Amino acid sequence: IWAEAVFHRYRGDVGKFIRSNFKHMNSRFFMAYLRGKELKGITQVAERNFINNVVRQHIDSLGCARRDYAGGTGRFLEKVISLTKTVTNEERNELVRKICEDRIVSAQSNPWATCLLRSGTVRMAKCSSEGIPQRHNASPSLCLDCIHADITEGNFNGIVVYIKPDIDACRNPSLPYAIKQYHIGTVRSALKRVSELRKNGGNEKYDAFIKFLIESLYLAENTRSNTK
């Protein structure tokens with residue numbers, strides 16, 4: 001009831017507000033409150049507000065030394081900014097509006113990343129089958145290297161938790177390399193994204209996990225050497 005009331009009255013980042021109140025890991029929890037109710041219009045408004053907020057935060061942070069994001073969405077927005085000369089605040093607001101309305105189709109949050117589907121590149125989504133995204137199949141193995149992924153500091157814990165089976169497989173000396181190969185790809189993708197977070201944000205908290213991922217990949221590759 002409280003979450004539904006917030007959707008009716010709150011005009012900021014609804015998802016962040018509710019997640020903060022209940023300490024939820026991602027937006028799927030608060031969206032579940034509305035399931036089965038005739039509030040489609042409200043959920044659509046909430047989704048557009050969320051997309052607008054994400055794009056605005058990215059664009060506002062581009063001039064900062066510390067930018068706590070990684071993934072394909074960030075690279076897309078950096079390219080848009082480099083090609084678009086915005087001087088006044090009104091011009092920047094117009095750019096945000098144009099990106100949100102013309103390019104971002106929809107958003108879906110997962111613990112390890114937020115999927116921001118863009119028109120024109122929908123078929124390139126890692127979860128696509130015959131050109132149609134299958135977002136119900138979302139997983140770190142697909143999302144971390146997807147051009148539609150938006151990964152922020154808040155997704156770090158989700159990455160750590162959800163790739164644990166892949167790390168365990170890489171570090172297991174009893175598993176043959178043929179089995180480890182699938183898991184190695186996911187760990188490599190995680191290493192790329194967490195290293196990107198470290199570079200953009202300058203936060204040393206990522207260093208220990210980066211070192212752990214590098215070590216895990218070394219152990220996995222060592223299995224192949226021993227097999228040979």
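Data block above holds the structure.
To start, this report covers the structure provided alongside it.

What counts and how
- Residues numbered from 1 in each chain as written.
- Predicted model: local features only at pLDDT ≥ 70, side-chain atom pairs only at ≥ 80, totals over all residues.
- Heavy atoms only, no water.
- Helix = DSSP H or I, 4+ residues; strand = E, 2+ residues; numbered from the N terminus.
- Buried < 20%, exposed > 50% of the residue type's maximum accessible area, 1.4 Å probe, protein only.
- Contact = heavy atoms within 4.5 Å.
- Areas by Shrake-Rupley, 256 points an atom, 1.4 Å probe, with all protein chains shown as cover.
- Axes fitted to C-alpha atoms, helices over the stretch in contact; angles between N-to-C directions.
- Parallel < 35°, antiparallel > 145°, perpendicular 65-115°, else oblique.
- Left-handed = near helix turned anticlockwise from the far one by under 90°.
- Nonpolar A, V, L, I, M, F, W, Y, C, P; charged D, E, K, R; others polar.
- Lys, Arg positive; Asp, Glu negative; His and termini not counted.
- Salt bridge = Lys/Arg side-chain N within 4 Å of Asp/Glu carboxyl O.
- Polar contact = N/O pair within 3.5 Å; in protein donor to acceptor, adjacent residues only side chain to side chain.
- Expected span 1.5 Å × (residues − 1).

Scanning the protein chain from terminus to terminus reveals eleven helices and six strands. Considering the protein chain as a whole, with its 228 residues, one finds that 44% of them fall into the buried category. In the protein chain, of all internal contacts separated by at least 6 residues, the share reaching a separation of at least 24 is 61%. Carbon and sulfur atoms make up 53% of the accessible area of the protein chain, which amounts to about 12700 Å² in all.

What follows concerns the packing of helix α9 (residues 164–171) against helix α10 (residues 177–201). Look at α9 against α10: their axes get within 8 Å of each other, and the N-to-C directions meet at 125°. Taken as axis vectors, α9 and α10 run oblique relative to one another. For the crossing formed where α9 meets α10, the hand is left-handed. Contacts from P165, D166, I167, A169 and C170 of α9 reach α10 at K180, Y182, H183, I184, T186 and V187. When grouped by side-chain class, the residues that make up the contact of α9 with α10 number seven nonpolar, two polar and two charged.

Looking now at the side chain of K180. Structurally, the position occupied by K180 is in helix α10. There is no salt bridge for the buried K180, and the closest opposite charge comes from E221, which lies 9.8 Å off by N-O distance. Looking at K180, its side chain comes within polar contact range of the main-chain oxygen of C170, at 3.3 Å. For K180, the side chain forms a polar contact with the main-chain oxygen of N172, separated by 2.8 Å. Once residues within four sequence positions are removed from consideration, K180 is found in contact with A169, C170, N172, P173, L175, L219, A220 and T223.

The next thing to look at is α10. Taking 1.5 Å per residue as the helical rise, α10 with its 25 residues ought to reach 36 Å, and the 34 Å between its terminal C-alpha atoms agrees with that figure. Once α10 ends, the next one or two residues include G202, with phi positive near 70°.

Turning next to the packing of helix α5 (residues 72–83) against helix α6 (residues 89–103). Where α5 contacts α6, the axes come no closer than 12 Å and their chain directions differ by 130°. With respect to their mutual orientation, α5 and α6 come out oblique. α5 and α6 meet at a crossing whose hand is right-handed. Contacts from F76, L77, V80 and I81 in α5 reach L95, I99 and R103 in α6. Looking at the contact of α5 with α6 residue by residue, the classes come out as six nonpolar, no polar and one charged.

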